[in-house]
Amino acid sequence: ETGVTQTPRHLVMGMTNKKSLKCEQHLGHNAMYWYKQSAKKPLELMFVYSLEERVENNSVPSRFSPECPNSSHLFLHLHTLQPEDSALYLCASSQRWFDEQFFGPGTRLTVL
Amino acid sequence: TQLLEQSPQFLSIQEGENLTVYCNSSSVFSSLQWYRQEPGEGPVLLVTVVTGGEVKKLKRLTFQFGDARKDSSLHITAAQPGDTGLYLCAGMNYGGATNKLIFGTGTLLAVQP
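If you're wondering where the values come from, they're calculated on a predicted model, not measured in any experiment.

Caption draft 1: Structural detail: the overall build of chain B. A count of helices and strands for chain B gives 0 helices and 11 strands. Scaling as 2.2 N^0.38, a compact globule of 113 residues should have a C-alpha radius of gyration of about 13 Å, and chain B matches this with 14 Å. Its C-alpha atoms put chain B at 45 × 30 × 20 Å along the principal axes. Taken over 113 residues, chain B has a buried fraction of 44%. For chain B, contacts bridging at least 24 residues in sequence account for 55% of all contacts bridging at least 6.

If you want it as structure tokens, here you go:
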């Protein structure tokens, strides 16, 4: 695998489910990001991890919980989501915090 | 709050036509990036411009950063169907603990064969 991979690519979940999104980067980068992309809204930064420490949390509801166990892996744990949370969730990585970012293909999430 | 407005929001043109996409803000940015996102994929960086007035060319794509570093444009010459996608500008401000990349509202381009 090369670049940034995300699994699953598509996820449908009910409001009471718990699920996790996974991101893996094979680029040797030190920073990883979660973004939310909704229709008709700009790409929104959710979380930033630099050297496995969370350095930014943009007022994201607590029903989204990130985890960065090492510099290559990033998770987004989801619980008790709302229908308005349906969106494309993109993971990205960069060599240093906010250097050129390389994006994964995203997970298309639908909350019923 | 820093905002980047892109225009037009949607653009549908015929193969061979020229087009320009604009990215405007009332805020000054340290640098500005342009990305293209194809359906089912994440954004891919096309170019970064850092100096006011800078012009960069990437084959048929010409990028310009405004003199005041508040705006940018992307011009495509002789568009091809492969240029179809969502074009995003993103402004960067470097501030140590407050580094931020602000994305624009996006321009969806469709090039018809």
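From this point, the discussion proceeds with the structure in view.
Caption draft 2: Region of interest: the state of the cysteines. What the rule picks out here adds up to 2 disulfides over all chains. There is a disulfide in this structure between Cys23 of chain A and Cys91 of chain A, and the S-S distance comes to 1.9 Å. Taking the torsion about the S-S bond as the criterion, the Cys23 of chain A to Cys91 of chain A disulfide, at about -70°, is left-handed. Highlighted residues: Cys23 of chain A in strand β3 (residues 18-25) and Cys91 of chain A in strand β9 (residues 87-94), separated in sequence by 68 residues. For the pair shown, Cys23 of chain A and Cys91 of chain A are each scored as buried. Bridging Cys23 of chain B to Cys89 of chain B, the disulfide has an S-S length of 2.0 Å. Classification of the bridge connecting Cys23 of chain B and Cys89 of chain B rests on its S-S torsion, roughly 80°, and on that basis the disulfide is right-handed.

Caption draft 3: How the structure looks around the sheet that holds strand β8 (residues 73-79) of chain A. All names here are of chain A. Here 4 strands make up an open sheet; going across it, the order is β1-β3-β8-β7 and the pairing antiparallel. Here the strands that pair on one side only, and so sit at the sheet edges, are β1 (4-7) and β7 (64-70). Geometrically, the sheet is characterised by an average inter-axis angle of 20° between neighbouring strands, direction not taken into account. With 4 bridges joining them, β1 and β3 adopt antiparallel strand pairing. Looking at β3, one finds that Thr7 is bridged to Lys22.

Cut-off values and rules
- Residues numbered from 1 in each chain as written.
- Chains lettered and ligands numbered in written order.
- Predicted model: local features only at pLDDT ≥ 70, side-chain atom pairs only at ≥ 80, totals over all residues.
- Heavy atoms only, no water.
- Helix = DSSP H or I, 4+ residues; strand = E, 2+ residues; numbered from the N terminus.
- Rg over C-alpha atoms; globule rule 2.2 N^0.38 Å.
- Buried < 20%, exposed > 50% of the residue type's maximum accessible area, 1.4 Å probe, protein only.
- Contact = heavy atoms within 4.5 Å.
- Disulfide = S-S within 2.5 Å.
- Pairing = 2+ DSSP bridges.
- Axes fitted to C-alpha atoms, helices over the stretch in contact; angles between N-to-C directions.

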